[in-house]
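Geometric and topological summary
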Amino acid sequence: RPHKNEPALIQAFAKASLPDDIKLVFSGNPTESLTQIIGKLDLQDKVVFAGRIPEAELPNYYRGALGFVFPSLYEGFGLPPIEAMACGCPVAVSNAASLPEVCGDAGILFNPRDTHSITQAIEQLVHQTELRQALIRKGIEQAQRYDWQVFAQKIEAELQKVVDTLEG
């Protein structure tokens, strides 16, 4: 989906100064256009598509990650960063839509339309150990502010907006 901004993330990852063992892992499967970008940037060994990840396995992916980068251009709410924070995974998210509010000061914010900004956020997550540890602590606290009832209310409000738009 174009609003997920995956091409910009791949391009930013390619520019980042990172250790050789760092990989970029996506859930789902690549589109043809993503495969072409990965090939053009010679990242076939550095970008992994894990396929559809069962919900019960998501926490293991978050816990095993050095960081979670979410370059979305639009999100109604932004559940994946909260899931990552709840699992002790530091996050870097787009400064668009609801994401700054959802993450508060528990994540690195970047401009999703600027690959240099995304690259800097990736490098901070990888290279700044003290920052990463602080984000983990803050992220766990931030995630505790949300519970399923809050999610249900926010999702219901978003769905109501869609219904109102369709009826209006």
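Our subject is the structure that appears above.
This text gives an overview of the structure that appears in the document. (Residues numbered from 1 in each chain as written. Predicted model: local features only at pLDDT ≥ 70, side-chain atom pairs only at ≥ 80, totals over all residues. Heavy atoms only, no water.)

With that settled, consider the nonpolar core. In terms of nonpolar packing, the biggest core is built from 25 residues, with Ile10, Val69, Ile118 and Ile122 touching the most fellow members. Broken down by secondary-structure element, the contributors of at least two residues to this core are α1 (6-15), β1 (24-26), α2 (32-40), β5 (107-110) and α6 (115-127). Sequence-distant contacts of valine 69, that is, excluding residues within four places in its chain, are made with Leu9, Ala92, Phe110, Ile118, Ile122 and Leu125. (Core = buried A, V, L, I, M, F, W, Y, C linked by side-chain atoms within 4.5 Å. Buried < 20%, exposed > 50% of the residue type's maximum accessible area, 1.4 Å probe, protein only. Helix = DSSP H or I, 4+ residues; strand = E, 2+ residues; numbered from the N terminus. Contact = heavy atoms within 4.5 Å.)

Along its 15 residues, helix α7 (residues 129-143) runs 21 Å from first to last C-alpha, staying within 8% of the 21 Å computed at 1.5 Å per residue. Residues of α7 that are buried include every one of Arg132, Ala134, Leu135, Ile136, Gly139, Gln142 and Ala143, and no others. At its buried positions, α7 is contacted by α4 (79-86), β4 (91-94), α5 (99-103), β5 and α6. (Expected span 1.5 Å × (residues − 1).)

Let us now look at the environment of glutamate 101. Topologically, glutamate 101 is positioned in helix α5. A sequence separation of 61 residues divides glutamate 101 from lysine 40, and the C-alpha atoms of the two residues are 36 Å apart. Non-local contacts of glutamate 101, meaning those with residues more than four positions away in its chain, are made with Gln142, Tyr146 and Lys154.

Attention now moves to the state of the cysteines. Summed over the entire model, instances satisfying the criterion amount to 0 disulfides. Of all cysteine sulfurs in the structure, the one in cysteine 89 sits closest to cysteine 87, which takes part in no disulfide; the separation is 8.0 Å. Owing to a relative accessible area of 17%, cysteine 87 belongs among the buried residues under this scheme. (Disulfide = S-S within 2.5 Å.)

Here the structure, examined in full by the defined rule, presents 4 aromatic pairs. Consider the rings of phenylalanine 68 and phenylalanine 70, whose centres lie 5.6 Å apart with planes at 25 degrees: the pair is stacked. Pair check on accessibility: phenylalanine 68 and phenylalanine 70 agree, each one buried. Each member of the aromatic cluster is reached from another via a ring pair, and the members are Tyr62, Phe68 and Phe70. (Phe/Tyr/Trp six-rings, centres within 6.5 Å; stacked < 30°, edge-to-face > 60°.)

Tallied over the full model, the rule gives 3 salt bridges. Measuring nitrogen to oxygen at the nearest pair gives 3.2 Å for the salt bridge that ties lysine 161 to glutamate 158. Of the two residues, lysine 161 and glutamate 158 are both situated in helix α8 (residues 148-167); the distance of 3 residues between them amounts to about one turn of the helix. (Salt bridge = Lys/Arg side-chain N within 4 Å of Asp/Glu carboxyl O.)

Taking 1.5 Å of rise per residue, the 13 residues of α6 would be expected to cover 18 Å, and the 18 Å separating its terminal C-alpha atoms lies within 8% of that figure. Within the span of α6, buried status applies to Thr115, Ser117, Ile118, Thr119, Ala121, Ile122, Leu125 and Val126. Contacts made by the buried residues of α6 are with α1, β3 (68-70), β4, β5 and α7. In this structure aspartate 114 caps α6, since a side-chain oxygen of it lies 3.1 Å from the backbone nitrogen of histidine 116. (Polar contact = N/O pair within 3.5 Å; in protein donor to acceptor, adjacent residues only side chain to side chain.)

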